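Understanding the architecture of this molecule
Given next are the chains, with one letter for each unit.
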Amino acid sequence: MPTVGFDGLFLDQTTTGVGMYASNLWRIFRSDEQSGMSTRVLTPETDAFRDFDSSDSVQTAPPSYARSGKALKLWWEQRGLMQAARVADADLVHVPHFAAPLMRNRPLIVTIHDVIPYVFPAYRSSASMRMYLRLVSRATRTADAVLTDSECSRRDIVRYLGIDRERITVIPLAVDEQYRPDH
């Protein structure tokens, strides 16, 4: 049975768009016993992820220089995620946000919800943000598959990142159960 390593970095941020997407997708992965695949959530070993079920997760301890904030996020995206994927013996990795690792040791699927920092220059005004965007954009171009939420986002990804339209699959987001009317 193939194993998917699911990047759980945003699972503790359920009030953000990416956090909500990741949480709902993870819930579906865990409940879908008919899929013919095993899914393991991959997270950094931090207090935020202490309560994860160890049978479903693989955690990797960050080095001392990357214990919190932006340093932790960058370390996780570029090093920790692939370390955890190796430990989980994942056959492929799904990153549910625009931050693929540049160097990887297995197939990668990345979800890009939008490319707002490219569409609106104010989002990339700092030198550090421009450097970060160059890094993740370059890494994302090497992903085996790219998922996005809409045709508009696909057009933006093609325009701003130069990814071939045929490598991008549009999968509209679903409405959470809590927003469905009772019958």
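All residue numbers refer to position in the chain's written sequence, counted from 1. Confidence filtering applies because this is a predicted model: local features only for residues at pLDDT of at least 70, side-chain atom pairs given and counted only at 80 or more, and all residues used for totals across whole chains, interfaces and linings. Excluding hydrogens and water, the side-chain values take into account all heavy atoms of the structure.

**Looking at helix α2 (residues 69-88)**
- Strands here mean DSSP runs of E at least two residues long; helices mean DSSP runs of H or I at least four residues long; both are numbered from the N terminus. To estimate how far a helix should extend, the number of its residues minus one is multiplied by 1.5 Å. Across its 20 residues, α2 extends only 25 Å between first and last C-alpha, which sits more than 12% below the 28 Å expected from 1.5 Å per residue.
- In this scheme, the bend at a residue equals the angle between the axes fitted to the seven residues that finish there and the seven that begin there. Where α2 bends most, at Trp76, the angle is about 55°.
- We call two residues in contact whenever any of their non-hydrogen atoms come within 4.5 Å of each other. Its buried side turned inward, α2 meets β1 (3-7), β2 (38-44), β3 (57-60), β4 (92-95), β5 (108-111) and α4 (127-141).
- Looking one or two residues beyond α2, the residue adopting positive phi is Asp89, at roughly 55°.

**Overview of the sheet that holds β4**
- Strands sit in the order β3-β2-β1-β4-β5-β6-β7 across an open sheet of 7 strands; the sheet is parallel. Of all strands in the sheet, those bounded by a partner on one side alone are β3 and β7 (168-170). Between one strand axis and the next, the sheet turns through 25° on average, direction left out of account.
- Only strands that DSSP links by at least two bridges are regarded as paired with each other. Here β5 pairs with strand β6 (residues 145-148) via 3 bridges, running parallel. When the bridges of β6 are listed, Val110 appears paired with Val146.
- Of the strands in this sheet, β1, β2, β3, β4 and β5 touch α2, which is tilted by about 140° from β2. Axis angles are defined between N-to-C directions and span 0 to 180 degrees, where every axis is a line fitted to C-alpha atoms and, for a helix, only to the segment in contact.

**Notes on the pairing of β5**
- Two elements, β4 and β5, share 3 bridges in a ladder whose sense is parallel. Across the sheet, residue Val95 finds its bridge partner in β5, namely Val110.

**Looking at the environment of Arg167**
- Mapped onto the elements, Arg167 comes out in the loop between α5 (151-161) and β7.
- Partly exposed residues are those whose accessible area sits between 20% and 50% of the maximum for their type, while under 20% is buried and over 50% is exposed, using a 1.4 Å probe and protein chains only. Judged by its relative accessible area of 28%, Arg167 is partly exposed.
- When the C-alpha positions of Arg167 and Asp144 are compared, they lie 7.8 Å apart, and in sequence the two are 23 residues distant.
- Contacts of Arg167, omitting those with residues within four sequence positions, involve Thr140, Arg141, Thr142, Ala143, Asp144, Ala145 and Val146.
- Under the rule applied, a polar contact is a pair of N or O atoms within 3.5 Å (in protein, one hydrogen donor and one hydrogen acceptor; residues adjacent in sequence only if both atoms are side-chain atoms). In terms of polar contacts, Arg167 uses its side chain to reach the backbone carbonyl oxygen of Arg141, at 3.3 Å.

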